[in-house]
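The primary structure of each chain is shown beneath.
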Amino acid sequence: MSTSNLSTVDSSDRLRVSERAQCVPSRVLHLRHLPADVFEEEVLALALPFGRVSKLITLKHKNQAFVEMTSEEAAVTMVNYYTSTTPTVRNHPIFIQYSTHHELKTDNLTNQRAQVALQTIGAAAVHSGNMASGGEEWGFASSPVLRIIVENLFYPVTLEVLQQIFSKFGSVLKIITFTRNSQFQALLQFIDAVHAQHAKAALDGQNIYNGCCTLRINFSKLNTLNVKYNNDKSRDYTRADLPTGEPEPAAAFGVALPQYGAAAFPPTFHQHTGMSVAAVPGSLVSPPRVSLQVAPPAGHSVLLVSNLNPESVSPHCLFILFGVYGDVQRVKILFNKQENALVQMSDATQAQLAMSHLNGQRLHGNMIRVTLSKHPMVQLPRSGAGQEEQALTRDFSGSALHRFKKPGSKNFNNIFPPSATLHLSNIPLSVGEEVLKDLFSSGGFTVKAFKFFQKDRKMALMQLASVEEAIEALIALHDQQLDHNQHLRVSFSKSTI
């Protein structure tokens, strides 16, 4: 790991901000609007959840910094995440974009403070077991489930308070609360491990309310939570149909939790008198509301997709791709500007998820841009519209291809960013490896590797030449008929072959 001042970077280039800089991926990221007295550790906390940081340069007198990741993939993931979740330092919003520099050249003048910060955080990552395989890189957390302990519990901490805090870092799927040794604890499951890692980095050691309710956060050994009741002690946000009955402690969870003292469930709170929650300043959240009703997050569910290839894009293609991250209701390619499209998801959470994973990906040779639209919904064409205009708008609300319409679907737990490795499922026993390889090869895709699941031959992994090619293959071959009544299911995998 190496760091330096920016003296070796041409002064005429170092702060250039252009449209190209925002769109062309680079391992080097440019951070602006930082506090003048920002610490190197605060800058690193923004980047480390997404991969290893090799170089760090701070320009405190200009409220800026440059961070070089060891891989472009890590930088792209970081930028995509912060497109949908505004990055902050000390509750102050900052701006992150790709730099025009593709690497930070170093000289012999070492920034000692930045060097110490990199080494310190690296040692902490090793200590907490968050190193990637081989110990060579800081990798993503292995589990999307966090174990949360609340110390100095002066005020009640509810499910709603936890959801309010942690949902700022990604989609929260499930929460379980319990006590152990008189300590209030919770298990909280994110949509994926990246969001869990970032939440831990940002919130561990923080107070929910000023001077009390301190969060201590670790990764759980569990990879998923199975909640059977939606009440004030446990909640599955993917299952609005669950009963609200008061269960026995162990029955509330689909997993055994002896190490967390589930027998002490439920927690009890002792509200101190003489001071209301509303009187406590400087807290992470506003005072908890009384209502615990499950409701979808507020916000728009329509996305604006730009820089599309108008020669290749279609409503169906966008429906299949965005359908990996939620149930697409309508798609409209703009008639007079066909490089732009509107995609309406089922709710705001799905829209945020699709935006965070697909913004900056390449589709039909173009790097697409995905942002939230100002439109609350996609309008269908007026009755007098021409045939071509009508063909550019499709209503998919009744589609049988929605992946998430079934409550409690396993698909909620298998949402991953686009990758070169595809997960294939619903494969008939009569279809072998060569048939599947030929299917993809005949579509113009390069098959690099293939493997059936050892315990379930109805599923397989297929690795293609690139992420872009995998995106094209998913669009082309998802729902491909393999025999008279079985259709291939294709999604992105977090695994490699």
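Above this note sits the structure.
Structural notes, computed from the coordinates. (Residues numbered from 1 in each chain as written. Predicted model: local features only at pLDDT ≥ 70, side-chain atom pairs only at ≥ 80, totals over all residues. Heavy atoms only, no water.)

### Side note on the packing of helix 7 (residues 315–322) against helix 11 (residues 467–477)
(1) Moving on: It is the contact of helix 7 with helix 11, at a shortest axis distance of 9 Å, that shows an interaxial angle of 110°. By the criterion of interaxial angle, the relationship of helix 7 to helix 11 is roughly perpendicular. Crossing handedness for the pair helix 7 and helix 11: right-handed. Here Cys-317, Ile-320 and Leu-321 of helix 7 lie close against helix 11, whose contacting residues are Ile-471, Leu-474 and Ile-475.
(2) Moving on: When the residues that make up the contact of helix 7 with helix 11 are grouped by side-chain class, the tally is six nonpolar, no polar and no charged. (Axes fitted to C-alpha atoms, helices over the stretch in contact; angles between N-to-C directions. Helix = DSSP H or I, 4+ residues; strand = E, 2+ residues; numbered from the N terminus. Parallel < 35°, antiparallel > 145°, perpendicular 65-115°, else oblique. Left-handed = near helix turned anticlockwise from the far one by under 90°. Contact = heavy atoms within 4.5 Å. Nonpolar A, V, L, I, M, F, W, Y, C, P; charged D, E, K, R; others polar.)

### Some remarks on the nonpolar core
(1) Moving on: Of all hydrophobic cores here, the largest spans 55 residues; its most connected members are Leu-318, Phe-322, Leu-363, Leu-422, Leu-424 and Phe-440.
(2) Moving on: Leave out the neighbours within four places in its chain, and Leu-424 touches Phe-440, Phe-450, Lys-458, Met-459, Ala-460, Met-462, Leu-488, Arg-489 and Val-490.
(3) Moving on: Ala-75, Val-150, Val-161 and Leu-188 belong to the second largest nonpolar core, which has 52 residues in total. (Core = buried A, V, L, I, M, F, W, Y, C linked by side-chain atoms within 4.5 Å. Buried < 20%, exposed > 50% of the residue type's maximum accessible area, 1.4 Å probe, protein only.)

### Structural notes on the sheet that holds strand 1 (residues 28–32)
(1) Moving on: One open sheet accounts for four strands, arranged 2-3-1-6; its pairing is antiparallel. In this open sheet, the two edge strands, each paired with only one partner strand, are strand 2 (53–59) and strand 6 (95–98). Pairs of neighbouring strands in the sheet enclose a mean axial angle of 20°, with direction left out of account.
(2) Moving on: Of the strands in this sheet, strand 1, strand 2 and strand 3 (64–69) are in contact with helix 2 (residues 40–47), which crosses strand 2 at around 135°.
(3) Moving on: The sheet strands contacting helix 3 (residues 72–84) are strand 1, strand 3 and strand 6, and the helix crosses strand 6 at an angle near 140°. (Pairing = 2+ DSSP bridges.)

### As for the sheet that holds strand 13 (residues 302–306)
(1) Moving on: Strands sit in the order 18-13-15-14-19 across an open sheet of five strands; the sheet is antiparallel. Two strands lie at the open edges of the sheet, namely strand 18 (369–372) and strand 19 (393–395), each paired on one side alone. Strand-to-strand twist of the sheet, defined as the mean angle between neighbouring strand axes without regard to direction, takes the value 20°.
(2) Moving on: Looking at chain direction, strand 14 (residues 328–333) and strand 19 are connected through three bridges and run antiparallel. Within strand 19, the residue paired with Arg-330 across the bridge is Asp-395.
(3) Moving on: Across the sheet, helix 7 is in contact with strand 13, strand 14, strand 15 (341–345), strand 18 and strand 19; its angle to strand 14 comes to roughly 140°.

### Here's the deal with the packing of helix 3 against helix 8 (residues 348–358)
(1) Moving on: Where helix 3 meets helix 8, the axes come as close as 7 Å, and the angle between the chain directions of the two elements is 150°. Taken as axis vectors, helix 3 and helix 8 run roughly antiparallel relative to one another. Helix 3 and helix 8 meet at a crossing whose hand is right-handed. Residues Asn-80, Tyr-81, Thr-83 and Ser-84 of helix 3 touch helix 8, and the partners they reach there are Gln-352, Met-355, Ser-356 and His-357.

### As for the pattern of salt bridges
(1) Moving on: A complete count under the given rule lists eleven salt bridges for this structure.
(2) Moving on: A salt bridge links Lys-60 to Glu-40, with the nearest nitrogen and oxygen atoms 3.8 Å apart. Remark: Glu-40 occurs in helix 2 and Lys-60 occurs in the loop between strand 2 and strand 3; sequence separation between them is 20 residues.
(3) Moving on: Look at Lys-60 and you get partly exposed, because its relative accessible area is 29%.
(4) Moving on: Its relative accessible area of 2% is what places Glu-40 among the buried residues.
(5) Moving on: A salt bridge links Arg-216 to Glu-151, with the shortest nitrogen-to-oxygen separation between them at 3.1 Å. Of this pair, Arg-216 sits in strand 11 (residues 212–219) while Glu-151 sits in strand 7 (residues 145–151), placing them 65 residues apart in sequence.
(6) Moving on: If you follow the salt bridges from partner to partner, you end up with Arg-27, Lys-55 and Glu-68 in one network. (Salt bridge = Lys/Arg side-chain N within 4 Å of Asp/Glu carboxyl O.)

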